[in-house]
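Coordinate analysis (summary)
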Amino acid sequence: MDVPRHKRVILKLSGEALAGSKGYGIDPEVVYSIAVQIKEVVQLGVEVAIVVGGGNIWRGVAGSAKGMDRATADYMGMLATVINSLALQDALTKQNVDTRVQTAIEMREVAEPYIRRRAIRHLEKGRVVIFAAGTGNPYFSTDTTAALRAAEIEADVILMAKRVDGVYDSDPLKNADAKKFHKLSYIDLLNRGLGVMDSTATSLCMDNRIPLVVFNLNESGNIKKAVMGEEVGTYVGGDIIGASTTG
Ligand code: UDP
């Protein structure tokens, strides 16, 4: 049997990934299909932690643009990630995948509080751990949460699930000549302003040498490919010098 390249991974799902074609809310069928892909990877013996966003329900920046207090709007966003985490846990549980949700904002009736050593212990026991409520701080994103938790639990890689199959030099949906990067350095990601993650998250990954694989979640089997180390999407890492649009 092939051995997975990565032993412990953080899967970053945007809130929109759970929304399906409507673009908002939660589509249980979509969540179920993501859970099937995750189960495939867990069965390989890979330790899987998940950070899920909240953009399908609420984004703090959007609220503050309409006059809300930014911190309040951000706390609402963090609560949205808890809703998504519970939906994901439900779908994984239905797949018989043992799952724990840990929240950065305490709400013991619905989930465990985030305790780093406990999260690692769950992973070692083969449980999927979903990190909810972001970092627990306003003015941050769930991309930054993924970078922070990846550093804390010493994940081998962040698997960044997107709706496109990697990082392009311009929007492939608007520009037919857009070129896809196969490999990219973090500094290039920052300098070119490619918008894969926000700059706080990118810097955290760069400083802590956490590699990133950006791939299309809508192609079934891609999470497994990324975990196995097969060529999928775009690889971003500290070991890459410059940017390459060829394999
Ligand atoms: N958020 C926050 N602190 C965090 C993580 C998230 O304040 O550490 C808030 C922020 O308002 C953000 C919202 O939660 O807009 C949803 O997260 P994000 O936008 O990262 O979700 P995604 O784009 O991945 O769906």
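Our subject is the structure that appears above.
What comes next is a walk through the structure. Fair warning: this is a prediction, and the values are worked out from it, not measured in the lab.

Quick notes on the site of the ligand
Looking at the ligand, there are 21 residues lining it, with R59, D74, T135, N137 and T142 nearest. In this structure, K12 approaches the ligand through a side-chain N or O atom, which is 2.9 Å from an oxygen atom. Between T142 and the ligand, the recorded distance is 2.5 Å, taken from a side-chain N or O atom to an oxygen atom. Here the shell around the ligand takes three residues from helix α3 (residues 70–94), the largest share from any one element. Of the residues belonging to the shell around the ligand, the class tally is five nonpolar, 13 polar and three charged.

Considerations on a nonpolar patch on the surface
On the surface, I26, I57 and I83 cluster together to form a nonpolar patch covering roughly 230 Å² of accessible area. In this structure, I26 sits in the loop between β1 (8–13) and α1 (28–42). Classification of I26 as partly exposed rests on a relative accessible area of 32%.

Considering the pairing of strand β6 (residues 157–162)
A regular strand places its side chains so that they alternate between the two faces of the sheet. In terms of residue burial, β6 counts as a mostly covered element, since five of its six residues are buried. Here β1 pairs with β6 via four bridges, running parallel. Along β6, the bridge assignment pairs V9 with V157. The pairing of β6 with strand β10 (residues 212–216) spans five bridges and is parallel. Along β10, the bridge assignment pairs I158 with L212.

Description of the side chain of T234
Among the structural elements, T234 can be located in strand β11 (residues 234–236). By relative accessible area, which is 0% here, T234 ends up buried. Not counting residues up to four positions away in its chain, the partners in contact with T234 are G166, V167, K180, F181, H182, K183, L184, L212, V213 and V214.

Observations concerning unusual backbone geometry
One non-glycine residue, N96, lies in the positive phi region at around 60 degrees. With respect to the helices and strands, the residue N96 is situated in the loop between α3 and β3 (99–103). In this structure N96 comes out as exposed when scored by relative accessible area, which is 70%. Of note in the backbone geometry, E154 takes a positive phi value of approximately 55 degrees without being a glycine. Relative to the assigned elements, E154 resides in the loop between α5 (142–153) and β6. A relative accessible area of 60% means that E154 is categorised as exposed.

Notes on the environment of L212
Looking at the element boundaries, L212 is found in strand β10. Separated by 101 residues in the primary sequence, L212 and A111 have C-alpha atoms spaced 28 Å apart. Not counting the four nearest positions on each side in its chain, L212 is found in contact with V157, I158, M160, Y186, V196, M197, T234, Y235 and V236.

Comments concerning the sheet that holds β11
Ordered by their spatial adjacency, ten strands build an open sheet running β4-β3-β5-β2-β1-β6-β10-β11-β9-β12, and the pairing between neighbours is mixed. If you trace the sheet from one side to the other, it starts and ends with β4 (112–113) and β12 (243–244), each paired once. With respect to the sheet, α1 is in contact with β1, β2 (47–52) and β5 (128–132), its orientation differing from that of β2 by roughly 150 degrees. Contacts from α3 reach β1, β2, β3 and β5 within the one sheet, and its direction differs from that of β5 by about 165 degrees.

A few points about the packing of α1 against α3
Interaxial distance between α1 and α3 falls to 9 Å at its minimum, and their mutual angle equals 60 degrees. With respect to their mutual orientation, α1 and α3 come out oblique. As α1 packs across α3, the resulting crossing turns out to be right-handed. Two secondary-structure elements touch here, α1 through V31, Y32, I34, A35 and I38 and α3 through A87, L88, A91 and L92. For the contact of α1 with α3, the per-class residue count stands at nine nonpolar, no polar and no charged.

Topic: the pattern of salt bridges
Using the criterion set out here, one finds 17 salt bridges in the structure. Note that R8 is salt-bridged to E47, the shortest N-O span being 2.6 Å. Residue R8 is located in strand β1, and its partner E47 is located in strand β2; the two are separated by 39 residues in the primary sequence. Taking relative accessible area as the criterion, R8 reaches 13% and is therefore assigned buried. Between R121 and E124 there is a salt bridge whose closest N-O contact spans 3.2 Å.

Criteria and cut-off values
- Residues numbered from 1 in each chain as written.
- Predicted model: local features only at pLDDT ≥ 70, side-chain atom pairs only at ≥ 80, totals over all residues.
- Heavy atoms only, no water.
- Near = heavy atom within 4 Å.
- Polar contact = N/O pair within 3.5 Å; in protein donor to acceptor, adjacent residues only side chain to side chain.
- Helix = DSSP H or I, 4+ residues; strand = E, 2+ residues; numbered from the N terminus.
- Nonpolar A, V, L, I, M, F, W, Y, C, P; charged D, E, K, R; others polar.
- Patch = residues over 30% accessible without salt bridge, like charges linked within 9 Å, V, L, I, M, F, W, Y side chains within 5 Å.
- Areas by Shrake-Rupley, 256 points an atom, 1.4 Å probe, with all protein chains shown as cover.
- Salt bridge = Lys/Arg side-chain N within 4 Å of Asp/Glu carboxyl O.
- Buried < 20%, exposed > 50% of the residue type's maximum accessible area, 1.4 Å probe, protein only.
- Pairing = 2+ DSSP bridges.
- Contact = heavy atoms within 4.5 Å.
- Axes fitted to C-alpha atoms, helices over the stretch in contact; angles between N-to-C directions.
- Parallel < 35°, antiparallel > 145°, perpendicular 65-115°, else oblique.
- Left-handed = near helix turned anticlockwise from the far one by under 90°.

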